[in-house]
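# Summary of the model geometry
Here is what each chain is made of, one letter per residue.
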Amino acid sequence: MRTCHYVVLGIEKNASDTDIKKAYRRKALEWHPDKNHHRVEEATKQFAFIAEAYEVLSDPQERAWYDSHRDAILRGDDKSNQSESSAGTTAADLMKYFSSSVYKGFQDNNAGFYAVYRNIFEKLAQEEAEAVANDRYEESTGEVHYTSFGCSTTAYDNNSDSDVKQFYNAWLTFSSQKSFSWCDKYRLSEASDRRVRRAMEKENKKFRDAARKEFNDTVLSLASYVRKRDPRFLAIQEQQKQKQKQIQADLKARIEKEKEALRAKAEKFQEQEWTRVQDDEENESGSENDSEDEFDQEYECIVCDKFFKSERQWKNHERSKRHLKEVEDIRLEMLHEESQLTDEQDVLSGSDLGEQEDAFEVATPVYSGLKSKKKNKKK
């Protein structure tokens, strides 16, 4: 009789995940071989039981399976529910394989991990082949090819029909081809009439389906149990984890490199002059659509006779080509006018006051004409 996992860890059946973890740490410290030099062999054995108990109970699915089949697993070979020799391997017979006590180490010897589970799965595959040939049930899908479990050197995935991956793919989708006729409760030959016979057949089918479901679930759980502890599968998982980490690291490095390139490009970028100057046409159209009260705004261009809503628009306008051209035109006109006035003053020198007034009246329209020109432009 094996020891219950709950007893090994010293916890109750309704213990929480936290309680299980605390109990495991406490027991592991107590029975660690390095701390038990006076009983190394016993401590090593007990430490293995503690590790196995924690591995099963810390996994929700394995714990649920263990709880529902605890008595059968603990019983092991002590008692078998096999009622007929034609049943072959039953769910009860497989319960003992849900324990690390059935194998010794992961070597390729007869008592090792690979030999023990290779033998049991080969036996199951042989029984399924015989069932397909002789006694398969009505809904059978036909013979299924089951690869060998292999040994420690068998490749996990080499794209062949004999690798470990193919083995687990087949057994993790297992469905028995056996008829489970030995589970019948009633003998049809004893039926008194057709009605009773049909009732017996219906009841017998219920028992067969229940036994088939239990057997399928047990085999599926055993395959999952073995894969979780298979060093070949664990090595592949570690490789995939490292590969995923490398992919994430490469992606992170590439993103960082792209960010550095963008930052360097931004530092070298120089804003062009034309991007800081708004198109003067937009300012003109905005000014023409302004209402009359907008002429009271603070920002005004006297040269162009325009008003702006913000200082930014006003400054942009003053940098515009059209404004600068208008300023240059006015400057040239004023220089021209100044030259004309100077010449006229020289002519009027020594003349009487009446002639000076006439000259002034002649010069005045020149400046007035300039103002009229600006107003006409606005219209």
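Residues numbered from 1 in each chain as written. Predicted model: local features only at pLDDT ≥ 70, side-chain atom pairs only at ≥ 80, totals over all residues. Heavy atoms only, no water.

### Side note on the overall build of the chain
Each helix and strand counted, the chain has 15 helices and two strands in total. By the burial criterion, 32% of the 379 residues in the chain qualify as buried. In the chain, the proportion of contacts linking residues at least 24 apart, taken out of those at least 6 apart, comes to 60%. Counting only carbon and sulfur atoms, one obtains 49% of the accessible surface of the chain, whose full area is about 25,700 Å². (Helix = DSSP H or I, 4+ residues; strand = E, 2+ residues; numbered from the N terminus. Buried < 20%, exposed > 50% of the residue type's maximum accessible area, 1.4 Å probe, protein only. Contact = heavy atoms within 4.5 Å. Areas by Shrake-Rupley, 256 points an atom, 1.4 Å probe, with all protein chains shown as cover.)

### Some words on unusual backbone geometry
The phi dihedral of F180 falls on the positive side, at around 60°, and the residue is not glycine. The class for F180 is buried, based on a relative accessible area of 5%.

### What about the pattern of salt bridges?
For the structure shown, the criterion picks out 19 salt bridges. The salt bridge partner of D184 is R208, with a shortest N-O separation of 2.6 Å. Of the two residues, D184 is situated in the loop between α8 (164–171) and α9 (194–229) and R208 in helix α9; the sequence distance between them amounts to 24 residues. Take D184: its relative accessible area is 26%, and that puts it in the partly exposed class. (Salt bridge = Lys/Arg side-chain N within 4 Å of Asp/Glu carboxyl O.)

### Structural notes on the packing of helix α2 (residues 17–31) against helix α3 (residues 40–57)
Relative to each other, α2 and α3 sit at 170°, their axes nearing to 9 Å. When the interaxial angle is binned, α2 and α3 end up roughly antiparallel. For the pair α2 and α3, the contacting residues are I20, K21, Y24, K27, A28 and W31 in the first and E42, A43, Q46, F47, I50, A51, Y54 and L57 in the second. (Axes fitted to C-alpha atoms, helices over the stretch in contact; angles between N-to-C directions. Parallel < 35°, antiparallel > 145°, perpendicular 65-115°, else oblique.)

### Comments concerning the confidence of the model for the chain
Within the chain, residue pLDDT values average 79, and 76% of them lie at 70 or more. Here helix α15 (residues 353–378) stands out as the element of the chain with the lowest mean pLDDT, 45, in contrast to α9, whose mean of 91 is the highest. Every residue in residues 77–85 scores below 50 in pLDDT, and together they form twelve contacts with partners more than four places removed in sequence or on other chains. Below pLDDT 50 for its whole length, residues 291–295 participates in four contacts with residues either more than four positions away or in separate chains. (pLDDT = per-residue confidence, 0-100.)

### Some remarks on the packing of α3 against helix α4 (residues 60–68)
Two elements in contact, α3 and α4, have axes whose closest approach is 6 Å; the angle formed by their N-to-C orientations is 105°. The angle between α3 and α4 falls in the class roughly perpendicular. Where α3 abuts α4, its residues E55, V56 and L57 lie against E62, R63 and Y66. Classifying every residue of the contact of α3 with α4 gives three nonpolar, no polar and three charged. (Nonpolar A, V, L, I, M, F, W, Y, C, P; charged D, E, K, R; others polar.)

### Quick word on the state of the cysteines
In this structure the tally under the stated criterion is zero disulfides. Of all cysteine sulfurs, the one in C304 lies closest to C301, which takes part in no disulfide; the gap is 3.8 Å. With relative accessibility at 3%, the residue C301 sits in the buried group. (Disulfide = S-S within 2.5 Å.)

### Digging into the packing of aromatic side chains
Under the defined criterion, the tally for this structure stands at 25 aromatic pairs. For the ring pair F106 and F113, a centre distance of 5.0 Å and an interplane angle of 45° mean the geometry is tilted. In this structure F113 comes out as buried when scored by relative accessible area, which is 1%. When the ring of F121 is compared with that of W171, the centres are 5.0 Å apart and the planes differ by 55°; the resulting orientation is tilted. Taken as a pair, F121 in helix α7 (residues 113–134) and W171 in helix α8 lie far apart in primary sequence, 50 residues in all. You can call F121 buried: its relative accessible area is 2%. Its guanidinium or amino end placed over the ring of Y225, R229 lies 3.7 Å from that ring's centre, counting from NZ or CZ. (Phe/Tyr/Trp six-rings, centres within 6.5 Å; stacked < 30°, edge-to-face > 60°. Lys NZ or Arg CZ within 6 Å of the ring centre and 35° of its normal.)

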